[in-house]
Amino acid sequence: SDELREANVWYLTNSKCEQSKGIIKTSTGYQEASYNNELTDNMLCAKDNQGTVSDACQGDSGGCLVRTGSHPTGEDDTLLGLVSWGYGCADPNFPGVYSRMSSIFPWLRETICGKSKAPPEYLSCNTINVPIAVAPSATPPPSSLSGMLTFYIKTDSSPEDTGWELRTVPDNKIVASRPMGYYSQQQTEIFEKEIVEPERFYRLVIYDRDQDGFTGSMKVYKGQNTYETDLLVHEPGFSSKSKGSVTHGFYVGDNPPNVLTLDVKLDGNPTQFAWIITNKEDNLQLGFRWFGFYKTAFESRRETIPIYGGERGLQEYELLIYDNNGDGLCCSSGSGSYALYLGETLSAKNQIISGAKYERDEKYVFQINASGALVSLSSLGTLAFGPAPAPTPTLTTNPAPKDNGYGGYDDASFPTGNVGNTGNFGSSDTMTSDTVDSSSAMSPNGSMLVGPGRTGFSLCLQLTTFAMILLFRWR
């Protein structure tokens, strides 16, 4: 429409909204759907309950959900939400879902007051200890929220085929997503923000609808900046052999229950080196660096990989080491090597495995028990009385990995059933959101306005400018 429009909708609780279910139309036909486990405390629901079939729809994202007041100018209107997502438009079975402004207001106020030279009076910036103007810093500033994530997406030539979901581990609840069809601009760099619960693990699934490969890239950073030191996930793209999706696991927070440390000394061909660490029970990659990530010859790199703690019991992990040249890290291109440790201390007693002279790939599977101690696969005993016996290697001739045509290599082209020829075992001692009260924002079944709402539209525009980056699910 060329004119601003509005519609009346009514609030309903998240618990009631999660009961919504029905049949929706997708690109592959009709299927059952529901809102069960789809909502977070950062969202709220509203729908038309008068039979007029009114709702927000495509193109309305970022629009205002306003509780209207009694003043004719709208000066006492209240911004409660921003149009976010939903199944269909005006579907009687599925309410519209909005980002809940009350859940992000503290961060929103702090950010506006800290970065604006002329913050609006209604934010009362002089009552909080935040500088009005923040000078540029040469060092990365700390994140204002420990659960803030920055998503970088570089779309490919078919952006509509790309989508992603972020789920909690181990309960697998969706906390953010972008459906296939959401992205529309080809070869475009996109930055998005999400706030999640800190100090827990997450699973990121990246989808390719046509299963013909994703030639873009995706990264996830902790905080609001894109420094490599804050990089949590790097997906450089994948081919059709990945069958339409790839998955990455990562930890958000500063206090993971346990960690692995991979110490790498690169050779003269660093772009040919890659590695993956996978939790076997969840089939989840918790650490991943693919070909081309490392670029500096003979550099030493130390990677910290958060892993599960004792609450998950005995866990099995797999380390895969790759070399595209087929000559390992040593010695035709220099004297490189790698070593994996349990914990952050690089000592002989904490070393799990080390290697250098392998061919195209090397694999080692190990277990860590509920006490945080390394367990040998062969004896399933704690390695507290010296090093475990070295494994008997199975030597095979591996084919060269296949170039996927966009500067990377197809992970499906690597055999993973063999053990390399120089892996060495080490030994180890035992290693020692607030739920938002919706009643504070509005009364149940209270009528609200989707749209500009008289002069309240100016307030909506000001806050929307800063809140758009925090939409947790988009239409």
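Above this text is the structure in question.
Residues numbered from 1 in each chain as written. Predicted model: local features only at pLDDT ≥ 70, side-chain atom pairs only at ≥ 80, totals over all residues. Heavy atoms only, no water.

S.K.: Can you break down the pattern of salt bridges residue by residue, with the values?
M.R.: Per the stated rule, a full pass over the model turns up 15 salt bridges. R178 is the salt-bridge partner of E194, the closest N and O atoms lying 2.8 Å from each other. Here R178 lies in strand β10 (residues 174-178) and E194 lies in strand β11 (residues 189-195), a separation of 16 residues in the sequence. Note on R178: relative accessible area 1%, which makes it buried. The partner of R301 in a salt bridge is E299, and the shortest N-O contact between them spans 3.5 Å. (Salt bridge = Lys/Arg side-chain N within 4 Å of Asp/Glu carboxyl O. Helix = DSSP H or I, 4+ residues; strand = E, 2+ residues; numbered from the N terminus. Buried < 20%, exposed > 50% of the residue type's maximum accessible area, 1.4 Å probe, protein only.)

S.K.: Summarise the packing of aromatic side chains; cite the residues concerned and give the values.
M.R.: Following the criterion strictly, the structure yields 21 aromatic pairs and no others. Ring geometry for F151 against W164: centres 4.6 Å apart, planes inclined by 10°, an arrangement best described as stacked. Of this pair, F151 sits in strand β8 (residues 148-154) while W164 sits in strand β9 (residues 162-169); the two residues are 13 residues apart in sequence, bridging distant segments of the chain. Residue F151 is classed as buried on the basis of its relative accessible area, which comes to 0%. (Phe/Tyr/Trp six-rings, centres within 6.5 Å; stacked < 30°, edge-to-face > 60°.)

S.K.: Describe in detail the sheet that holds strand β24 (residues 374-375), supporting the description with residues and values.
M.R.: Strand order in this open sheet of 5 strands is β18-β17-β20-β23-β24, and the pairing throughout is antiparallel. At either margin of the open sheet sits one strand with a lone partner, and together these are β18 (284-289) and β24. By the bridge criterion, 2 bridges tie strand β23 (residues 361-368) to β24 in an arrangement that is antiparallel. Following the sheet pairing, I368 is matched in β24 by L374. (Pairing = 2+ DSSP bridges.)

S.K.: Account for the state of the cysteines, with residues named and values stated.
M.R.: Applying the stated criterion across every chain, the model contains 3 disulfides. Shown here is the disulfide that connects C17 with C45, its sulfur atoms set 2.1 Å apart. Of note, the bridge from C17 to C45 carries an S-S torsion of about -80° and is left-handed in sense. Here C45 lies in strand β4 (residues 43-47) and C17 lies in helix α1 (residues 14-17), a separation of 28 residues in the sequence. Neither C17 nor C45 differs from the other in exposure class; each is buried. With its sulfur 1.7 Å from that of its partner, C330 forms a disulfide with C331. Taking the sign of the S-S torsion, about 65° here, the bridge from C330 to C331 comes out right-handed. (Disulfide = S-S within 2.5 Å.)

S.K.: Describe the nonpolar core, naming the residues involved and giving the relevant values.
M.R.: One finds L260, F273, Y338, L340, I352 and F366 to be the most contacted residues of the largest nonpolar core, which totals 34 residues. When residues of this core are traced back to their parent elements, those giving at least two are β16 (258-265), β17 (273-279), β18, β19 (300-307), β20 (315-323), β21 (337-342), β22 (351-355) and β23. Non-local contacts of F273, meaning those with residues more than four positions away in its chain, are made with V264, L266, W290, F291, Y294, I321, Y322, L329 and Y358. (Core = buried A, V, L, I, M, F, W, Y, C linked by side-chain atoms within 4.5 Å. Contact = heavy atoms within 4.5 Å.)

S.K.: Please provide a residue-by-residue account of the sheet that holds β11, values included.
M.R.: Overall, antiparallel pairing links the 4 strands, which are arranged β11-β8-β13-β14 in an open sheet. Every other strand in the sheet has two partners, leaving β11 and β14 (231-235) as the edge strands with one partner each. Averaged over all neighbouring strand pairs, the angle between strand axes comes to 15°, with direction disregarded. (Axes fitted to C-alpha atoms, helices over the stretch in contact; angles between N-to-C directions.)

In short, shape yes, function no, at least from these values alone.
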